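Listed here are the chains, written in short residue letters.
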Amino acid sequence: MTKKYDVAIIGSGMGGSTLAAILARQGLDVIVFEAGQHPKFAIGESTILETSEMMRALAKFYDVPELAYFSSENYLDYAGTTHGVKRHFGFVHHEVGQEPTPDTTLQAIIPKEPYGHELHIYRQDSDSFLNSVAISYRTEVLQNTPVSSVDFSDDSVEITTSKGEIYQAEYIVDAGGFRSLLAEKFDLRDFDLQTNTRGMFTHMVDVPCFHDVSFSREENGVPFRWSEGTLHHLFEGGWLWVIPFNNHPDTTNLVTSVGLLLDPRVHPAQKDLSPEEEFYGFIEKYPGLKRQFTNAKPIRSWVRAERLQYSSKKVVGNRFALMGHAAGFIDPLYSKGLYVTHMTIMLLADLLLKAKDSGDYSAKAFAPLEEITLGYIKMHDQLTVNSIKSWSNYKLWRVYSVQWLLGAYLEYLMLSITRMRAKSRREYIALLKDNRLAGGGFAAFFTLQEKVDALFDTVDPANELDVDRMVAEANALFRAFKWLPLPFNAILDGKNHLAKNKFRLTLFSKEDGFMGGGAYRQHFFGEMSLLDLGIKGAEDKL
């Protein structure tokens, strides 16, 4: 008699392996089908505060401590020394034929306290490790085993591999990325999105810190070197990432991840050139970029991808769900992809455990997963398309960066405080039901965000009068937002970095401090007092 698994998962990347480890740890019979074999190349290498907080929450609420190993530099002894450290989000703006200047840069500092700085994750090692964690919790993992077909009945899912082997499960999760078998089977792909970028990327060695080929850190007036974080080079119609893994004393990895993202409506594809030829031809137009990559050498073949953006008409059906990049993808900008994946894992794992008890594997039972997944994709699309538009005129980017910063701050605040407040996993999930990638589910932020985005939708970046008008209106909206942190006001005033040390006495003010008042305090902190917060924070630090 064929064994029937509780859950089958297609794909053993970070998302698939994490979900498998959680479900197996909670007592479910899980089987994973992986077309390739670990270790394997993957991008999505830069963590953010929201992703790290989700890793901590998953580790806590599902009792899988290994999931926290990639949440902070403090765990490098466990995660390994092939990963880099991320002390900031860095941005340098470029114009064709001109040198960049310190006043068109932004360094968004990631706080060291209480959890430590973020990481640049060397995915071939992280994904292999998490796959091993899943196996250690008794997940059955079949590598080099592509799935050729999936068939559904009222009471089962039948999976057939390319080798002709047949397996059965109660439910199947497709975490197989863009080429999702289930998205293809049910014609689920949706390309009606605002953002439009194509990409080319690789891993390189001998990529110097940008401060070494341009203005110095002292001239720049920022707390950290560009190589100590994720560097985004910005220009009209696109951006370029630089993610070093060799940026701390204990590193054993010489590699830097490099990727170029371009709007094909501004920069049409040059298909007569190889990806490497197109990359070097493009950066030739920007003196600073050209110098940074003069002596850089790829260690693997370049990968070229046509339009990156896609979503899904549906994310769940009877006995199946799409997860992570199988459900949709916008752009690597702001490193939101891993956060979306981990948030959906939090919810999907809970729904699967409920289904195990109830026997209800219907689309209706899993509808909350579809709602949150598509909501996150929609917000990321809006944030990305207007960010790219803003890079056509630095005055626009100066103000839109605050939209990104504020949304990320409130999202992280909601995640971290909710983990402290919630007495159970179900309460934690319930408190986060209104989150949409940015803003922490706070209605006042969504009102502000929609107003600012409406301004950006209509502005003409080439019309300086129009730009100045819109910037003034957006500035007024942000400054009228009662809960805008003071450091973000400083960015609006022209400062090019957030403070390295964010502690100040005014944070303890009853109404205007960190916990705020009114609807803000109730939404983010509930009945927590400042003393409660201090105790929880101290417990976390320990």
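Residues numbered from 1 in each chain as written. Predicted model: local features only at pLDDT ≥ 70, side-chain atom pairs only at ≥ 80, totals over all residues. Heavy atoms only, no water.

Engineer: Residue-level account of the overall build of the protein chain, with values.
Structural biologist: Looking only at helices and strands, one finds 17 helices and 20 strands in the protein chain. In terms of C-alpha radius of gyration, the protein chain reaches 23 Å, essentially the compact-globule figure of 24 Å for 542 residues. Judged by the C-alpha coordinates and their principal axes, the protein chain covers about 70 × 60 × 45 Å. Of all 542 residues assigned to the protein chain, the portion counted as buried reaches 59%. Where the 57 positive side-chain charges of the protein chain centre and where its 68 negative ones centre are 3 Å apart. (Helix = DSSP H or I, 4+ residues; strand = E, 2+ residues; numbered from the N terminus. Rg over C-alpha atoms; globule rule 2.2 N^0.38 Å. Buried < 20%, exposed > 50% of the residue type's maximum accessible area, 1.4 Å probe, protein only. Lys, Arg positive; Asp, Glu negative; His and termini not counted. Charge placed at Lys NZ, Arg CZ, Asp CG, Glu CD.)

Engineer: Lay out the packing of aromatic side chains in plain terms, naming residues and giving numbers.
Structural biologist: Evaluated as defined, the whole model comprises 40 aromatic pairs. Ring geometry for Tyr339 and Tyr376: centres 5.7 Å apart, planes at 45 degrees, overall tilted. Residue Tyr339 is found in helix α9 (residues 337-358), and its partner Tyr376 is found in helix α10 (residues 367-390); the two are separated by 37 residues along the sequence. For Tyr339, a relative accessible area of 0% corresponds to the buried category. Residue classification places Tyr376 among the buried positions, given a relative accessible area of 1%. One aromatic cluster in this structure is built from Phe89, Phe91, Tyr334, Trp391, Trp397 and Trp404. Arg300 extends its terminal NZ or CZ atom over the ring of Phe41, reaching a point 3.9 Å from the ring centre. Just above the ring of Phe446 sits the side chain of Arg436; from NZ or CZ to the centre is 3.7 Å. (Phe/Tyr/Trp six-rings, centres within 6.5 Å; stacked < 30°, edge-to-face > 60°. Lys NZ or Arg CZ within 6 Å of the ring centre and 35° of its normal.)

Engineer: Describe empty space enclosed by the protein, with residues and values.
Structural biologist: Over the atoms rolls a probe the size of a water molecule, and its path tells where empty space is left. Overall, the coordinates contain three cavities of 30 Å³ or more when judged by the stated rule. Roughly 150 Å³ of internal volume is contained in the largest cavity. Together, 18 residues line the largest cavity, and Gly328, Phe329, Gly337, Val340 and Ile377 are the ones closest to its centre. For the lining of the largest cavity, the elements supplying multiple residues, two or more each, are α9 and α10. Classifying every residue of the lining of the largest cavity gives eight nonpolar, eight polar and two charged. As a volume, the second largest cavity reaches approximately 50 Å³. (1 Å grid on protein atoms, 1.4 Å probe; cavity = no way out; pocket = protein on both sides within 12 Å on 5 of 7 lines; lining within 4 Å. Points joined across faces, edges and corners; volume = space filled by probe spheres on them. Nonpolar A, V, L, I, M, F, W, Y, C, P; charged D, E, K, R; others polar.)

Engineer: Describe the pairing of strand β5 (residues 105-109), with residues and values.
Structural biologist: Within β5, five of the five residues are buried, leaving the element largely enclosed by the surrounding structure. Here strand β4 (residues 88-93) pairs with β5 via five bridges, running antiparallel. Across the sheet, the residue bridging to Gly90 is Gln107, located in β5. (Pairing = 2+ DSSP bridges.)

Engineer: Residue-level account of the pairing of strand β14 (residues 238-244), with values.
Structural biologist: Of all seven residues making up β14, seven are buried, and the element is well covered by its neighbours. Side chains of β14 alternate between two faces, with Gly238, Leu240, Val242 and Pro244 and Trp239, Trp241 and Ile243 buried alike. Two strands pair when backbone bridges link them, and strand β13 (residues 230-235) and β14 are joined in this way by five bridges, in the antiparallel orientation. Bridging from a neighbouring strand, Leu231 pairs with Val242 of β14. When β14 meets strand β15 (residues 256-262), the two strands line up antiparallel, connected through seven bridges.

Engineer: Give a description of helix α2 (residues 49-61) that names residues and reports values.
Structural biologist: Taking 1.5 Å of rise per residue, 13 residues should cover 18 Å, and α2 covers 18 Å from first to last C-alpha, within 8% of that figure. Judged by how many residues are buried, α2 sits mostly within the fold: 12 of 13 residues are covered. When α2 is considered as a whole, its buried residues turn out to be Leu49, Glu50, Thr51, Ser52, Glu53, Met54, Met55, Arg56, Ala57, Leu58, Ala59 and Phe61. Contact partners of the buried residues in α2: α1 (14-25), β6 (118-120), α9, α11 (394-421) and α12 (425-431). Looking at the residues trailing α2, positive phi occurs at Asp63, about 60 degrees. (Expected span 1.5 Å × (residues − 1). Contact = heavy atoms within 4.5 Å.)

Engineer: Quick rundown of the environment of Glu50? Include the residues and the values.
Structural biologist: In this fold, Glu50 is placed in helix α2. When the C-alpha atoms of Glu50 and Thr202 are compared, they prove to be 26 Å apart, with 152 residues separating the residues in sequence. Look past the residues within four positions of Glu50 in its chain and what remains in contact with it is Lys336, Tyr339, Ala408, Glu411, Tyr412 and Leu415. Among the polar contacts made by the side chain of Glu50, one reaches the side chain of Lys336 at a distance of 3.0 Å. (Polar contact = N/O pair within 3.5 Å; in protein donor to acceptor, adjacent residues only side chain to side chain.)

Engineer: Explain the pattern of salt bridges to me, using residue names and the numbers behind them.
Structural biologist: Following the criterion strictly, the structure yields 31 salt bridges and no others. Between Arg291 and Glu99 there is a salt bridge, with the nearest N and O atoms lying 2.8 Å from each other. Of this pair, Arg291 sits in helix α8 (residues 287-292) while Glu99 is found in the loop between β4 and β5, placing the two residues 192 residues apart along the sequence. Residue Glu99 is classed as partly exposed on the basis of its relative accessible area, which comes to 41%. Close ionic contact of Arg426 with Asp350 constitutes a salt bridge, the shortest N to O distance being 2.6 Å. Of this pair, Arg426 sits in helix α12 while Asp350 sits in helix α9, and the two are 76 residues apart along the sequence. Assessed through its relative accessible area of 41%, Arg426 is described here as partly exposed. Relative accessible area serves as the criterion here: at 2%, Asp350 is assigned to the buried category. Residues joined in a network through salt bridges with shared partners are Glu73, Arg87, Lys112 and Glu228. (Salt bridge = Lys/Arg side-chain N within 4 Å of Asp/Glu carboxyl O.)

Engineer: Let's hear about the environment of Leu492: which residues, and what values?
Structural biologist: With respect to the element layout, Leu492 can be found in helix α15 (residues 486-492). Its relative accessible area of 11% is what places Leu492 among the buried residues. In this structure, the C-alpha to C-alpha distance between Leu492 and Arg479, residues 13 residues apart in sequence, is 9.0 Å. The contacts of Leu492, once residues within four sequence positions are left out, are Val399, Val402, Asn475, Phe478, Arg479 and Leu484.

Engineer: Any details on the packing of α1 against α9? Residues and values, ideally.
Structural biologist: Relative placement of two packed helices is described by the angle separating their axes and the distance separating the axes. For the pair α1 and α9, the least separation of the axes is 10 Å and the interaxial angle reads 30 degrees. Accordingly, the angle class assigned to the pair α1 and α9 is roughly parallel. Two packed elements cross with a definite hand, and for α1 against α9 that hand is right-handed. Contacts between α1 and α9 pair Met14, Gly15, Thr18, Leu19, Ile22 and Leu23 from the former with Leu338, Thr341, His342, Ile345, Leu348, Ala349 and Leu352 from the latter. (Axes fitted to C-alpha atoms, helices over the stretch in contact; angles between N-to-C directions. Parallel < 35°, antiparallel > 145°, perpendicular 65-115°, else oblique. Left-handed = near helix turned anticlockwise from the far one by under 90°.)

Engineer: So what's going on with the environment of Leu352? Residues and values would help.
Structural biologist: Summarising the element assignment, Leu352 is placed in helix α9. Through-space distance from the C-alpha of Leu352 to that of Ile135 is 19 Å; in sequence the pair is 217 residues apart.

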